[in-house]
Amino acid sequence: MTTTYELSHLRALEAEAVHIFREVAATFERPALLFSGGKDSVVMLHVAGKAFWPAALPFPVLHVDTGHNFDEVIEFRDRAVRRHGVRLVIGSVQDDIDAGRVVEEAGPRASRNRLQTATLLRSIQRHRFDAVFGGARRDEEKARAKERVFSFGDEFGQWDPRNQRPELWNLYNGRHRAGEHIRVFPLSNWTELDIWQYIVDEEIELPAIYYAHRRNVFQRDGMLLAHTRHVTLLEGEIPYQATVRFRTVGDATCTGCVESSAATPEAVVAEVAVTRVTERGATRADDRISEAGMEDRKKDGYF
């Protein structure tokens, strides 16, 4: 008699991600996991730990540090790295500014978000990473919906959406020449709701800013931004206190928050289940540069 087992939706997604991690470890020489301390990279690190348990992760984690991060996220990053016992590689945007490799924007709307691309590509080249795991999901933004699980980057680190490889039957082609690399997205088929339901099921710790808390905020361009030391207020912008949480984590100068009373993972799941706007569409000013803003940055090498 043959016994059949049916995986739940989340377990099927987890199994797919585990397969992708193992496939990369078996076929690439120097992979790395891009880790921002955001919820998707935290889930990605958690699944990677499962993929290789009880052995240690066979690759380091890479953080591109803009210098304009939320303090809570940097503190969480360092704790997570210690807990998982992995090596942390940091690419510093400030180092590239000091060396004259990039020019920092000026003015009250200045952001270092776009400067991350040069730092990321320099870090990949310096450490000779041939595969880099990213936590991007296809439901986040239309440019990311074009992304393959194995996304090919040329010797300049650039991504061409018209020059990607088919992945029929979940067969992945990691072939590349020296100097080229592959971006790998184990969570491609997850949604924001899947991420949060998995966080609840697995009891995964996140930075505190993902849950409702009191914070000084101000309104700009239809978004609610945190009033941090990295932001210069414009004329007429008045900070005030509100109960908010962040749906995504990035550079503090362009990452918005939402008013919310969801103080637990379960409450966030209930909130996300009824929302009709993606987290990047609602809270990332860098995606509002133009209709094709994300795709243009990805072609330059952005994740």
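The coordinates are above.
Residues numbered from 1 in each chain as written. Predicted model: local features only at pLDDT ≥ 70, side-chain atom pairs only at ≥ 80, totals over all residues. Heavy atoms only, no water.

Trainee: Got a sec to walk through the packing of helix α1 (residues 9-27) against helix α2 (residues 39-52)? Specific residues and values, please.
Mentor: Put simply, α1 and α2 touch, their axes get as near as 9 Å, and they point 70° apart. Taken together, α1 and α2 sit at an angle that is classed as roughly perpendicular. Once α1 is placed against α2, the crossing between them reads as right-handed. The residues of α2 that touch α1, namely those facing Arg11, Glu14, Ala17, Val18, Phe21, Arg22 and Ala25, are Met44, Val47, Ala48, Lys50, Ala51 and Phe52. (Axes fitted to C-alpha atoms, helices over the stretch in contact; angles between N-to-C directions. Helix = DSSP H or I, 4+ residues; strand = E, 2+ residues; numbered from the N terminus. Parallel < 35°, antiparallel > 145°, perpendicular 65-115°, else oblique. Left-handed = near helix turned anticlockwise from the far one by under 90°. Contact = heavy atoms within 4.5 Å.)

Trainee: Quick one: what's the story with the packing of aromatic side chains, residue by residue and with numbers?
Mentor: Counted according to the given criterion, the structure contains 8 aromatic pairs. Between the aromatic rings of phenylalanine 52 and phenylalanine 59, the centroid separation amounts to 5.8 Å while the plane-to-plane angle is 85°, which identifies the pairing as edge-to-face. Judged by relative accessible area, which is 15%, phenylalanine 52 ranks as buried. Arranged with centres 5.8 Å apart and planes meeting at 75°, the rings of tryptophan 196 and tyrosine 211 form a pair that is edge-to-face. On the criterion of sequence distance, the pair formed by tryptophan 196 in helix α7 (residues 192-202) and tyrosine 211 in the loop between α7 and β7 (213-220) is long-range, its members being 15 residues apart. Residue classification places tyrosine 211 among the buried residues on the basis of a relative accessible area of 12%. One aromatic cluster is present, formed by Phe21, Phe52, Phe59 and Phe133 through successive ring pairs. (Phe/Tyr/Trp six-rings, centres within 6.5 Å; stacked < 30°, edge-to-face > 60°. Buried < 20%, exposed > 50% of the residue type's maximum accessible area, 1.4 Å probe, protein only.)

Trainee: An account of the pairing of strand β3 (residues 88-92) is needed here, citing residue identities and associated values.
Mentor: Across 5 bridges, the pairing between strand β2 (residues 61-65) and β3 is parallel. Its bridge partner being in β3, valine 64 is matched across the sheet by glycine 91. In this region the chain leaves β2, passes through helix α3 (residues 71-84) and returns to the parallel neighbour β3; the handedness of that crossover is right-handed. (Pairing = 2+ DSSP bridges. Right-handed = clockwise from strand over helix to strand, strands pointing away.)

Trainee: Report on the nonpolar core, specifying residues and quantitative values.
Mentor: Within the largest apolar cluster, 59 residues are counted, with the highest numbers of intra-cluster contacts made by Phe21, Leu33, Val43, Phe150 and Trp196. Of the residues forming this core, the biggest block, 8 residues, is contributed by α2. Each of domain 1 (9-194 + 293-300) and domain 2 (207-288) contributes no fewer than three residues to this core. Among all residues touching phenylalanine 21, those that are not within four sequence positions of it are Leu33, Met44, Val47, Ala48, Ala51, Phe52, Phe59, Phe133 and Pro186. (Core = buried A, V, L, I, M, F, W, Y, C linked by side-chain atoms within 4.5 Å. Domains from an automatic or database assignment.)

Trainee: Could you give an account of the sheet that holds strand β10 (residues 256-259), with specific residues and numbers?
Mentor: Either a parallel or an antiparallel arrangement is found when strands of a sheet pair, and the pairing is made through backbone hydrogen bonds. Spatially, the 4 strands close up into a barrel ordered β7-β8-β10-β9, and their pairing is antiparallel. Recorded for the sheet is a direction-independent mean angle of 70° between the axes of neighbouring strands. Summarising the sheet, strand β8 (residues 223-226) and β10 pair through 2 bridges and their orientation is antiparallel. Bridge pairing in β10 places leucine 224 opposite cysteine 257.

Trainee: Lay out helix α8 (residues 265-274) in plain terms, naming residues and giving numbers.
Mentor: By the burial criterion, the buried members of α8 are Val268, Val269 and Val272. Buried residues in α8, looked at end-on, bunch into an arc of 105°, giving them a common side. The inward-facing, buried residues of α8 abut α7 and β9 (240-245). (Arc of directions from axis to C-beta.)

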